[in-house]
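# What the coordinates show
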Amino acid sequence: MLEVNAVCKKFGGLNAVSATSLVVPKGKIVSLIGPNGAGKTTLFALISGFLKPDSGRVYFDGKDITNERPHSICRQGLVRTFQVVQPFANLSVKENIAVGAHTRLAKRADALAKATEVARLVGMEKMLQQSAGSLTIAGRKCLELARALSTEPKLLLLDEVMAGLNATEIQEIVNIINGIRDSGVTIFLIEHVMQAVMSLSDYTYVLNQGVMIADGEPREVTSNPAVIEAYLGHGAAERIAAIRTVSSRKESADA
Amino acid sequence: MSNRVRLIGWCTFLVMLSLIPLFITSGRWIDFLEMTMFVAVLGQGWNILGGYGGQYSFGNALFFGTGAYIQALLQFKFGLSPWFSLWFALAGTALVGAMVGYLSFRYGLRGSYFALITLAFAEAFHVLSRSLTAITEGGHGVQLTLNQNPDQAISTFQFNFAGDFLKAYGFYYTIFSIMLIAFCAVWLMERSRFGAQLVAVRENEDAAEALGINTFRVKMGAICFSASITAMAGVYYTQKFLFIEPGIAYGPAKSVEALFAPIVGGLGTVIGPLLGSFFIHGVGEITKEMIGHVLGNRPGVDLILFGVILVLVLAFLPRGLAGLVEDLWKRIFRGRNA
Amino acid sequence: MTIDFLGISLQSYSWQTVLGSSISGVFLGSIYALVALGLTLIYGVLHIINFAHGSLLMLAMYAVFFLWNILGLDPYLSMLIVVPGGYLFGYTLQRTIIGKASHGKDEITLLVMLGVSIVMENTALFFFTATDRSVRVPYDLDGFDLGVTYVVYPEIAALLGSLLITLVLWFFMSYTDTGKAIRAVSKERQGARLVGINVEHIFAVSFGIGTACVAAAAALLVPTYAVHPQIGYLFVLIAFTVVVLGGMGSFVGALAGGLIIGVTEQLGRLYLGESLGLITISVIFIIVLLFRPTGLFGSKSS
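Computed from a predicted structure; not experimentally measured.

## A short note on the interface of chain B and chain A
- Between chain B and chain A, the residue contacts involve 17 residues of the former and 22 residues of the latter.
- Looking at the side of chain B that touches chain A, the elements with two or more residues in it are α9 (193–203) and α10 (205–210) of chain B.
- Looking at the side of chain B that touches chain A element by element, the count peaks at 6 residues for α9 of chain B.
- For the side of chain B that touches chain A, the residue count by class is 7 nonpolar, 5 polar and 5 charged.

Here's what the structure looks like:
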């Protein structure tokens, strides 16, 4: 569904993203993890057309979309959400979602009906008349998701949609996301919440300082020493391995 | 307030407005209402790009002046019928709007920078209209021939020498019809996909772009629409006063008048420009009366007041008078239509 | 050689005439630079375009005029009163009306400033009427003959004045505590707040300084220009062009921009005539806004 080929982006002297490649197969949920400042959101921006890569190409559904503008990429079925939520503050929840629905529907009445339907999917049907500016952070994240959904995407790019949510809210969103995947939408998400990454993803990529350092099934990736080092610092992998050896020796000693 | 109630309310108001001339004979009141409606149309034009689109133009005189000039020049130079030339005025001004819009939006100008460039364009046209005397008659302005034949009142679109009814109310109903057309057009826009997309662009351009909206095209549509409506006010002005010159056409006065009414009345609402225009002109007239008795008739009083009202509304009534009416309604009928 | 085009005639001139025009353009430009200095400071710190700038200039000019008219005070001496007065007026205006009404939103600030400028302009119109007021000083027609052009003392004073004020401002910003606080706020508003700088106070101080600059410019302008309520509007567009050309927030830019605009305007007037010459300003403005909105010396603002 999505193929990113050796994409690079520099900001001044900083290599935000260096020769990064990845593949998101159709119908799967793929996650992108990595420490803060690794370049994950930049990568999303490059894929969805908000930034132009200095080199490399992005292919969506077989087509080269590298230099297209975000709105035309959206129309082709690739939609992104924003890490810092961007609601249409003065509009109601229903009107917000309807904006997305208008991507495919021309008539106002149709768009508003679709908005109600999508709101039900994400559990917001009671909040339709509320102004978006008055929602809690969880509500706004949900709205962001609903808006993207209403454009009838083939591929959804979710940028830290669970940041700031509590455990219950996270579980709800995980269910919703699974539901979205079951309906045929491919999902590519950036996440820090590890439980969600583990339970949702079929495949994981790890980005650190603009370079892809690992990829694979979530379980193997998270025990990859390079990945641990990226998050916890140099030497952390060894220390963790040492602790594990000590505790397993203790277990066998006690046994 | 439910949509139906709102609609009935404003329709009643408009019906009243259309029937007023039959009950009032004072020329002064008719003039007052004509001017109020004229500014309402000017304001509605600004409202499309500013209120709904969130792009504040400080140079809408550009559209007013171009509409007025095209209307005047086509009659003056080529003897075209005013009913014919007005289409050129609207189209020509829309084209000017497209040019300004293309340059501004293609280069990503927003906020203060957009306001500045609209100012620059208005001023540029001001200078051009004064200097290109071969085209625009320069500082002399364009004076249209007065039609004194009552039978030709309608064909020349001049009512000063028409039969009794047209003479008294011709221009009143002209501006009333223009206002009706403009307001209906905006009402329809509000309920269309274009309207929803325009408002989305105002609220958050990046999010709108991410949701498939071609923000450039939407903004272009808005500025052309805004230009045409403002041009309609220009056409009316030319027909009513039969004279246009660079200062009136492109001077800052019209640019400023255009934004007062929608801001005071309520940005991004259909009725805002009319409410705002009524309020500020009403207050202006009353003030002029009172001050006039005390200090004699001196220019500037009403504008001081307009400026003060503007600042007060911005400080305390962000949603304008329309917003105030909504809030009061909710308070009176609390719980009824939550 | 003359070309006639749509009612304008273009002809070529001798190099002496062109040089003469350019020199008077430099002097004119220094006045523009002075007016623009206050504007660029206000933008640099508050990140707003002060649409009331022209009206402030106009009020200051009236102040200078009345000090001369009623007290017989020489315009250059009146700077001692008008500049501090301008500072206080600007400080109060920002602290009370503008700051409060804007709710911190830039789009609203734009409109509030417009409203304020309309009130100021029409108050002047109401109280002072539209009659031109001129100040006559005994030396306003004396000056130097440079051969290609004649330079009068007020023009020289204006040039020296703007250079001096730019220097003072630069010194103030670089070496005083307040100046450093201002630079801090202009670079990073929230961060400055966190280290204990009273941001609202600094905003008002900056606005006050900007107004004080404009007051100084007014005193330097009055010997040459007649005062009337619309004079602010005349200068404001030029001041904006200078600031955008020179770069928002840059003093050097304001100076450079002012001089460039001054010379361009004079040459434009020479070749295109008195009225069409003014279009050079709008054209430069539009071109800079489109192709290099950060101007010659400005830094990229977010």
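## Digging into the pairing of strand β4 (residues 55–60) of chain A
Residues and elements named next belong to chain A.
- In the sheet, strand β1 (residues 2–11) pairs with β4 via 5 bridges, with the strands oriented antiparallel. Note on β4: the bridge partner recorded for Cys8 is Ser55.
- Taken together, the 2 bridges between β4 and strand β5 (residues 63–64) define a ladder with antiparallel strand orientation. Residue pairing in the sheet places Tyr59 in a bridge with Asp64 of β5.

## A look at the packing of helix α1 (residues 15–46) of chain C against helix α9 (residues 231–246) of chain C
Residue and element names in this part refer to chain C.
- Following both chains from N to C, one finds α1 and α9 inclined at 65°, their axes separated by 8 Å at the closest point. In this view, α1 runs roughly perpendicular relative to α9, as classed from their interaxial angle. When you trace α1 past α9, the crossing you get is right-handed. The segment α1 lies against α9, with Tyr32, Ala33, Val35, Ala36, Leu39, Thr40 and Tyr43 engaging Phe235, Ile238, Ala239, Val242, Val243 and Gly246.
- Its residues assigned to classes, the contact of α1 with α9 comprises 11 nonpolar, 2 polar and no charged.

## A few points about the sheet that holds strand β3 (residues 29–33) of chain A
All names here are of chain A.
- Taken together, the 6 strands give an open sheet; going across it, the order is β6-β7-β8-β3-β9-β10, and neighbouring strands pair in mixed fashion. Looking at strand neighbours, the two that pair on one side only are β6 (78–80) and β10 (211–216), the edges of this open sheet. Strand-to-strand twist across the sheet, computed as the mean angle between neighbouring axes with direction ignored, equals 15°.
- Pairing between β3 and strand β9 (residues 203–208): 4 bridges, direction parallel. Counterpart to Leu32 in the pairing with β9 is Tyr205.
- Sitting on the sheet, helix α9 (residues 225–232) is in contact with β9 and β10, with an inclination near 130° to β10.

Procedures and definitions
Residues numbered from 1 in each chain as written. Chains lettered and ligands numbered in written order. Predicted model: local features only at pLDDT ≥ 70, side-chain atom pairs only at ≥ 80, totals over all residues. Contact = placed C-beta atoms within 7 Å. Helix = DSSP H or I, 4+ residues; strand = E, 2+ residues; numbered from the N terminus. Nonpolar A, V, L, I, M, F, W, Y, C, P; charged D, E, K, R; others polar. Pairing = 2+ DSSP bridges. Axes fitted to C-alpha atoms, helices over the stretch in contact; angles between N-to-C directions. Parallel < 35°, antiparallel > 145°, perpendicular 65-115°, else oblique. Left-handed = near helix turned anticlockwise from the far one by under 90°.

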